[in-house]
Amino acid sequence: MPVSISIGSANFQDNAKVVGVINEGKDSSQAENTLKELESLRLDLDRVEQLREAITSLEAAIREQNQPKVKTIMQQVTSNFTSSFLANVISNIVSPFL
């Protein structure tokens, strides 16, 4: 990217200074941070997809009135999503079926 800077008819007096910064190209640290954030979002979406699949399986098991399957899925959900608030919410919703 060509850069052209022109200063014409300028008078610098006393202790006047001109300060400027020109950055050509990309800031690699900014790109790195962006990539890290995107990777984190992608991993979160993967976890959401896993949870969605577990909820779908749980719904099917409840419709089938398959208590052993419900228990198994709940054990998987609580172990795979231990830190997840949603795992606790799901446990509270499903506990009457167990």
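Cut-off values and rules
Residues numbered from 1 in each chain as written. Predicted model: local features only at pLDDT ≥ 70, side-chain atom pairs only at ≥ 80, totals over all residues. Heavy atoms only, no water. Helix = DSSP H or I, 4+ residues; strand = E, 2+ residues; numbered from the N terminus. Contact = heavy atoms within 4.5 Å. Areas by Shrake-Rupley, 256 points an atom, 1.4 Å probe, with all protein chains shown as cover. Expected span 1.5 Å × (residues − 1). Buried < 20%, exposed > 50% of the residue type's maximum accessible area, 1.4 Å probe, protein only. Core = buried A, V, L, I, M, F, W, Y, C linked by side-chain atoms within 4.5 Å. Patch = residues over 30% accessible without salt bridge, like charges linked within 9 Å, V, L, I, M, F, W, Y side chains within 5 Å. Salt bridge = Lys/Arg side-chain N within 4 Å of Asp/Glu carboxyl O. pLDDT = per-residue confidence, 0-100.

Broken down by element type, the chain carries three helices and zero strands. Considering only intrachain contacts with a sequence separation of at least 6, the fraction spanning at least 24 residues in the chain is 42%. For the chain, the exposed area adds up to about 8500 Å²; of that, 52% sits on carbon and sulfur atoms.

A turn of α-helix holds 3.6 residues, and therefore any two residues three or four places apart point the same way. The end-to-end C-alpha separation of helix H1 (residues 28–63) is 52 Å, in line with the 52 Å expected for 36 residues at 1.5 Å each. Buried within H1 we find Leu51, Ala54, Leu58 and Ala61. Looking at the residues trailing H1, positive phi occurs at Gln65, about 55°.

So, on to unusual backbone geometry. Backbone geometry at Gln65 places phi at a positive 55°, although glycine is not the residue there. Relative to the elements of secondary structure, Gln65 occurs in the loop between H1 and helix H2 (67–80).

Among soluble globular proteins, nonpolar side chains are generally buried collectively. In this structure, Leu51, Ala54, Leu58, Ala61, Val70, Ile73, Met74, Val77, Ile90 and Val94 together form the largest nonpolar core, which totals ten residues. Elements represented by at least two residues in this core include exactly H1, H2 and helix H3 (85–94). When residues no more than four places from it in sequence are discounted, the contact partners of Leu58 are Val70, Ile73, Met74, Ile90 and Val94.

Tracing the chain through its elements places Ser95 in the segment after H3. Remark: the alpha-carbon pair of Ser95 and Lys71, spanning 24 residues in sequence, is separated by 9.3 Å.

Before going further, it helps to spend a moment on a nonpolar patch on the surface. A cluster of nonpolar residues, Ile5, Ile7, Phe12 and Val18, forms a patch on the protein surface that exposes about 450 Å² of accessible area. A relative accessible area of 60% places Ile7 in the exposed class.

With 78% of its residues at a pLDDT of 70 or more, the chain shows a mean pLDDT of 78. Mean pLDDT per element in the chain: H3 is the minimum at 69, and H1 is the maximum at 86.

According to the stated counting rule, one finds two salt bridges in the structure shown. Between Arg42 and Asp46 there is a salt bridge, with the nearest N and O atoms lying 3.9 Å from each other. Note that Arg42 and Asp46 are positioned in helix H1 at a spacing of four residues, about one turn of the helix. By relative accessible area, which is 38% here, Asp46 ends up partly exposed.

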